[in-house]
Amino acid sequence: VYLPLYEAKMMHQFDHRFATYTENGDTRDLTAEEKRDPGTVPMPRYWVAEEEVRERLVKRRRDGGVEWQWDNPWLIAFRRVARSTDERTGIFTLMPVLPSGDSVFLMFPQIASAIQAFALIANLNSYVLDYVIRQKVAGVNMNFFLVEQFPVLPLGGYTSAVLAFVSERVLELIYSSSDHSPVSSEVDGEREPFHWDEERRFWLR
């Protein structure tokens, strides 16, 4: 089994189906009509063996034992190339467990549930934080030493009501594709993906 190798241009905020490769090797944005089909996924340029991806999400000791392993059915990803002159500088999303190239950085936060991941993603994509990111990023690379300085709200500061308010909206924003069904099952049980509606997504964001 081979998995699609993700590149930064293929993702955007709350959207891991932003762009796709064409048959001639160019890229284009997926249309809203295509995204209304929950089975539509981007076509990558490269593919990676699934067992290689799984092994990269494990840290082993010298004796071969597992010291750390990522068991969640999702990854938090962000674009490494980020310019303060773009519409948005910080571009974070929740994506399925798929390989990524060096233009996509991954975060492995120590959080207990997908709901907490939703809150983190909402915080990272907020306009308030984006203003701060614009002051921090002087060039075109948003490296980890910069990300570690961002004033992200601690998850312990969310009340249960606020956490529910945020998570309901983030779930709808990310779960428009069938490949995010494991995340939905963890949070909201078995249900169909949400309908892709550009205007509604604007207000949810």
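Before reading further, recall that the structure is shown in the block above.
Rules used throughout
- Residues numbered from 1 in each chain as written.
- Predicted model: local features only at pLDDT ≥ 70, side-chain atom pairs only at ≥ 80, totals over all residues.
- Heavy atoms only, no water.
- Helix = DSSP H or I, 4+ residues; strand = E, 2+ residues; numbered from the N terminus.
- Rg over C-alpha atoms; globule rule 2.2 N^0.38 Å.
- Buried < 20%, exposed > 50% of the residue type's maximum accessible area, 1.4 Å probe, protein only.
- Contact = heavy atoms within 4.5 Å.
- Core = buried A, V, L, I, M, F, W, Y, C linked by side-chain atoms within 4.5 Å.
- Axes fitted to C-alpha atoms, helices over the stretch in contact; angles between N-to-C directions.
- Parallel < 35°, antiparallel > 145°, perpendicular 65-115°, else oblique.
- Nonpolar A, V, L, I, M, F, W, Y, C, P; charged D, E, K, R; others polar.

> Please explain the overall build of the chain as it appears in this structure.
Scanning the chain from N- to C-terminus turns up 8 helices and 9 strands. In terms of overall dimensions, the chain is globule-like: its C-alpha atoms have a radius of gyration of 17 Å, near the 17 Å expected for 205 residues. Counting only C-alpha atoms and orienting by the principal axes, one finds that the chain spans roughly 45 × 45 × 40 Å. Taking all 205 residues of the chain together, 44% fall into the buried category. Looking at the chain alone, contacts between residues at least 24 apart form 67% of all its contacts between residues at least 6 apart.

> Could you clarify how one ought to interpret the nonpolar core in this entry?
Considering soluble globular proteins, one finds that nonpolar side chains tend to be buried as a cluster. If you look at the biggest cluster of nonpolar residues, it comprises 49 residues, and the most contacted ones within it are Trp 74, Ile 76, Phe 92, Leu 94, Phe 118, Met 142 and Ile 174. Broken down by secondary-structure element, the contributors of at least two residues to this core are strand 7 (75-79), strand 8 (92-95), strand 9 (104-107), helix 3 (114-124), helix 4 (127-136), helix 5 (144-147) and helix 6 (160-174). Ranked by the residues each element gives to this core, the list is headed by helix 3, at 6 residues. Those residues in contact with Phe 118 that lie beyond four places of it in its chain are Leu 94, Val 166, Ser 167, Val 170, Leu 171, Ile 174, Val 183 and Val 187.

> Sorry if this is basic, but what is going on with the packing of helix 3 against helix 6 here?
In a pair of packed helices, the angle between the axes and the distance between the axes together describe the arrangement. Helix 6 packs onto helix 3 with a crossing angle of 80° between their chain directions and a minimal axis gap of 8 Å. One element, helix 3, and the other, helix 6, form an angle in the roughly perpendicular class. Contacts between helix 3 and helix 6 pair Ile 115, Phe 118, Ala 119, Ile 121 and Ala 122 from the former with Leu 163, Val 166, Ser 167, Val 170, Leu 171 and Ile 174 from the latter. Across the contact of helix 3 with helix 6, the residue classes break down as 10 nonpolar, 1 polar and no charged.

In short, shape yes, function no, at least from these values alone.
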